[in-house]
Amino acid sequence: MTSVLYDAPGPRAKRRNVLLSVVFFVLLALFLWWVWQTMDDKGQLKWSLWQPFTTADAWTTYLLPGLGDTLKAAGLAMVIALPWARSSASPGCPTTGGCGSPPEWWSSSSGRSRSFC
């Protein structure tokens, strides 16, 4: 037994890893080619459709402010969700519909377990 988390692969594992890597990259290339062809067949790769992304006005007016607002909304959602998730085990929390597990002192005070549902 060794003391490392992951032993070096042997010859069979090396061959298998190389084979799986080649197969994966071939399948990835085929998938990307299929996506490219599908978009090209439907006219989605025309320069007129992509040209607005090369202007500074589109980036400063729409794209970067939109990205900033999205990140602000995600941060606010995380700040709101953390205390909400921490309190979801308490009885009566709106996320559990009042069916959370009661605290240990609640059950042991009367000698029997109480169910909220």
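Residues numbered from 1 in each chain as written. Predicted model: local features only at pLDDT ≥ 70, side-chain atom pairs only at ≥ 80, totals over all residues. Heavy atoms only, no water.

**Q** Can you break down the overall build of the protein residue by residue, with the values?
**A** Across its full length, the protein holds four helices and zero strands. If you list the helices and strands of the protein from N to C, you get α-α-α-α. (Helix = DSSP H or I, 4+ residues; strand = E, 2+ residues; numbered from the N terminus.)

**Q** Hey, could you go over the pattern of salt bridges for me, with residue numbers and the actual values?
**A** Evaluated as defined, the whole model comprises one salt bridge. For Lys72, the salt bridge is made with Asp69, and the minimal N-O distance between the two is 3.9 Å. A residue pair is termed a helical-turn pair when its members lie 3 or 4 positions apart in one helix, as Lys72 and Asp69 do in helix H3 (residues 56-86) at three residues. (Salt bridge = Lys/Arg side-chain N within 4 Å of Asp/Glu carboxyl O.)

**Q** Pulling in residues and values, what's your account of the packing of aromatic side chains?
**A** Tallied over the entire structure, the rule returns three aromatic pairs. Ring plane angle 70 degrees and centroid distance 5.3 Å describe the contact between Phe24 and Phe25, whose orientation is recorded as edge-to-face. (Phe/Tyr/Trp six-rings, centres within 6.5 Å; stacked < 30°, edge-to-face > 60°.)

**Q** Let's hear about the confidence of the model for the protein: which residues, and what values?
**A** For the protein, the mean per-residue pLDDT works out to 81, and 68% of the residues sit at or above 70. Within the protein, helix H1 (residues 11-41) carries the highest mean pLDDT (97), whereas helix H4 (residues 104-110) carries the lowest (56). (pLDDT = per-residue confidence, 0-100.)

**Q** Give me the environment of Trp59: which residues, what numbers.
**A** Position of Trp59 among the secondary structure elements: in helix H3. Contact partners of Trp59, with chain neighbours within four places excluded, come to Phe53, Leu64 and Pro65. (Contact = heavy atoms within 4.5 Å.)

**Q** I'd like to hear about a nonpolar patch on the surface, residue by residue, with values.
**A** Residues Trp47, Leu49, Trp50, Phe53, Trp59, Tyr62, Leu63, Leu64, Leu67 and Leu71 make up a contiguous nonpolar surface patch of roughly 1,100 Å² in combined accessible area. Residue assignment for the nonpolar patch shows that the elements contributing at least two residues are helix H2 (47-50) and H3. Considering each element in turn, the nonpolar patch owes the most residues, six residues, to H3. With respect to the helices and strands, the residue Leu67 is situated in helix H3. When its relative accessible area of 48% is taken as the criterion, Leu67 is described as partly exposed. (Patch = residues over 30% accessible without salt bridge, like charges linked within 9 Å, V, L, I, M, F, W, Y side chains within 5 Å. Areas by Shrake-Rupley, 256 points an atom, 1.4 Å probe, with all protein chains shown as cover. Buried < 20%, exposed > 50% of the residue type's maximum accessible area, 1.4 Å probe, protein only.)

**Q** Let's hear about H1: which residues, and what values?
**A** Between its first and last C-alpha atoms H1 spans 45 Å; for 31 residues at 1.5 Å apiece the expected length is 45 Å, and the two agree. Phi turns positive one or two residues past the end of H1, at Gly43, with a value near 75 degrees. (Expected span 1.5 Å × (residues − 1).)

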